[in-house]
Amino acid sequence: MNSSLQGKNVLITGAAKGIGRGIALAAASEGANIALHYRGSEEEAMKTAKEIEELGGKVTLVQGDLAHLEDIKRIKETLDEKFGHVDCIVNNAGWAQVKSFFQYEPEEWKREVDICFYGVLNLVHTFMPAMMENNQGKFINIVGDSARTGDRNLIVSAAARGGTISFLKSLAIEAGRNNVQCNTVSLGLIDQGELNFNEATLAKVVKQYPLKRLGKVDDVTGIILFLLSESADWITGQVISVNGGHSMLG
Ligand SMILES: NC(=O)c1ccc[n+]([C@@H]2O[C@H](COP(=O)([O-])OP(=O)(O)OC[C@H]3O[C@@H](n4cnc5c(N)ncnc54)[C@H](OP(=O)(O)O)[C@@H]3O)[C@@H](O)[C@H]2O)c1
């Protein structure tokens, strides 16, 4: 497998911390120039940027709200100036509330859809025409498996992200003519040391995973590097689960 991303300009959203940070560090290790996006976590973003620079990588910080098209347009202007163009986007940012639909206020479900669904459309609308003009590009969207299985406590984000899966499949047909690949990576539960489960609950959750453990950030980075690489040039419109076997969707 050729996983080199040498010289590629890669925008990773929500990359100050967590899974996005892991992806940014892994892509920088493969030689990518990183556009490190954050919304509120400025301090963490600066720390992650420093780590990338220590790896010898080039990094530019960009801030904005995915739900606001004008923010995304401003980010593109900055990146056009700094990098010339963006080759690949990993949309890792998201916002999901964990509760029953009947506990929602309308402004809350609207905000979730604005970020998880319209955020993807805002990115694609802003960045993909240039990718298509360059005849190369990759767009990877990260969702949770709930987008396909359903989850009564993630009901709105699951629905919004189900919409992005459909959107990216249709987009893959159009963008494929210009050698731009669009794929979705669908995650099971990733343990970043912040789960508030007691021992009994944790054991019950882990039992649902055939591989008998929750995921780690490193379990996610490999598939993202692969999908960003030339080795994945003939893969588009797909949904790939990284979930310890929790759900086995055809
Ligand atoms: N962790 C899991 O077990 C799991 C499971 C399934 C799916 N996922 C998905 O995988 C991705 C990464 O998960 P994670 O747990 O590492 O991180 P996360 O806390 O769910 O979210 C990642 C980042 O999204 C950014 N964000 C939130 N609202 C935004 C907005 N309106 N505009 C722009 N950015 C916004 C935040 O950036 P700032 O902090 O800078 O504000 C946050 O750091 C998420 O999309 C998540 O839903 C995670």
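Residues numbered from 1 in each chain as written. Predicted model: local features only at pLDDT ≥ 70, side-chain atom pairs only at ≥ 80, totals over all residues. Heavy atoms only, no water.

A. Representation of the site of the ligand in the model. In the region of the ligand, 26 residues are neighbours, and Arg39, Ser41, Asn92, Arg161 and Ile190 sit closest. Take Ile19: an N or O atom from its main chain is 2.9 Å from an oxygen atom of the ligand. Contact with the protein chains removes 82% of the 860 Å² of surface that the ligand exposes when unbound. Looking at the shell around the ligand, the elements with two or more residues in it are α1 (18–29), β2 (33–38), α4 (106–133) and β5 (137–144). Looking at the shell around the ligand residue by residue, the classes come out as 10 nonpolar, 11 polar and 5 charged. (Near = heavy atom within 4 Å. Polar contact = N/O pair within 3.5 Å; in protein donor to acceptor, adjacent residues only side chain to side chain. Areas by Shrake-Rupley, 256 points an atom, 1.4 Å probe, with all protein chains shown as cover. Helix = DSSP H or I, 4+ residues; strand = E, 2+ residues; numbered from the N terminus. Nonpolar A, V, L, I, M, F, W, Y, C, P; charged D, E, K, R; others polar.)

B. Here's a closer look at the packing of aromatic side chains. With the rule as written, the count across this model stands at 4 aromatic pairs. An angle of 35° between the planes, with centres 6.1 Å apart, marks the rings of Phe101 and Tyr104 as tilted. The class of Phe101 is partly exposed, set by a relative accessible area of 32%. With a centroid separation of 5.3 Å and an interplanar angle of 75°, the aromatic rings of Phe117 and Tyr118 are classed as edge-to-face. Using a relative accessible area of 18% as the deciding quantity, one classes Phe117 as buried. For Tyr118, a relative accessible area of 41% gives the class partly exposed. A connected cluster of aromatic rings, assembled from ring pairs, spans Phe101, Phe102, Tyr104 and Trp109. A cation over a ring is seen here: Lys99 above Tyr104, with NZ or CZ 5.0 Å from the ring centre. (Phe/Tyr/Trp six-rings, centres within 6.5 Å; stacked < 30°, edge-to-face > 60°. Buried < 20%, exposed > 50% of the residue type's maximum accessible area, 1.4 Å probe, protein only. Lys NZ or Arg CZ within 6 Å of the ring centre and 35° of its normal.)

C. Layout of the nonpolar core. Of all hydrophobic cores here, the largest spans 36 residues; its most connected members are Ile12, Ile34, Val90 and Ile224. The contact partners of Ile34, leaving out residues within four places of it in the chain, are Val10, Ile12, Ala24, Ala27, Ala28, Ile52, Lys58, Val59, Thr60 and Phe83. Core analysis: the next-biggest nonpolar cluster, separate from the first, contains 25 residues, Val62, Ile89, Leu123 and Met131 among them. (Core = buried A, V, L, I, M, F, W, Y, C linked by side-chain atoms within 4.5 Å. Contact = heavy atoms within 4.5 Å.)

D. Here's a closer look at the pairing of β2. The element β2 is largely enclosed, with a buried count of 6 among its 6 residues. Pairing of strand β1 (residues 9–12) with β2 involves 4 bridges; the strand directions are parallel. In the strand pairing of β2, Leu11 is matched with Ala35. In the sheet, β2 pairs with strand β3 (residues 59–63) via 5 bridges, with the strands oriented parallel. Paired with Tyr38 across the strands is Gln63, a residue of β3. Following the chain from β2 across helix α2 (residues 42–54) to the adjacent parallel β3, one finds a crossover that is right-handed. (Pairing = 2+ DSSP bridges. Right-handed = clockwise from strand over helix to strand, strands pointing away.)

E. Structural view of empty space enclosed by the protein. Evaluation of the coordinates by the stated rule reveals 2 cavities of 30 Å³ or more. Looking at the largest cavity, its volume works out to about 40 Å³. For the largest cavity, the full set of lining residues is Asn91, Ala93, Gly94, Ile115, Cys116, Val120, Asn141, Ile142 and Arg161. Sorting the residues of the lining of the largest cavity by element identifies α4 and β5 as the ones contributing at least two each. Per-element tally for the lining of the largest cavity: the top contributor is α4, with 3 residues. Among the residues making up the lining of the largest cavity, the classes are represented as 5 nonpolar, 3 polar and 1 charged. As a volume, the second largest cavity reaches approximately 30 Å³. Along the walls of the second largest cavity sit Leu11, Thr13, His37, Leu66, Ile72, Ile75, Leu123 and Phe127, which together make up its complete lining. For the lining of the second largest cavity, the secondary structure elements donating two or more residues are α3 (69–83) and α4. Of the residues assigned to the lining of the second largest cavity, the class counts are 6 nonpolar, 2 polar and no charged. (1 Å grid on protein atoms, 1.4 Å probe; cavity = no way out; pocket = protein on both sides within 12 Å on 5 of 7 lines; lining within 4 Å. Points joined across faces, edges and corners; volume = space filled by probe spheres on them.)

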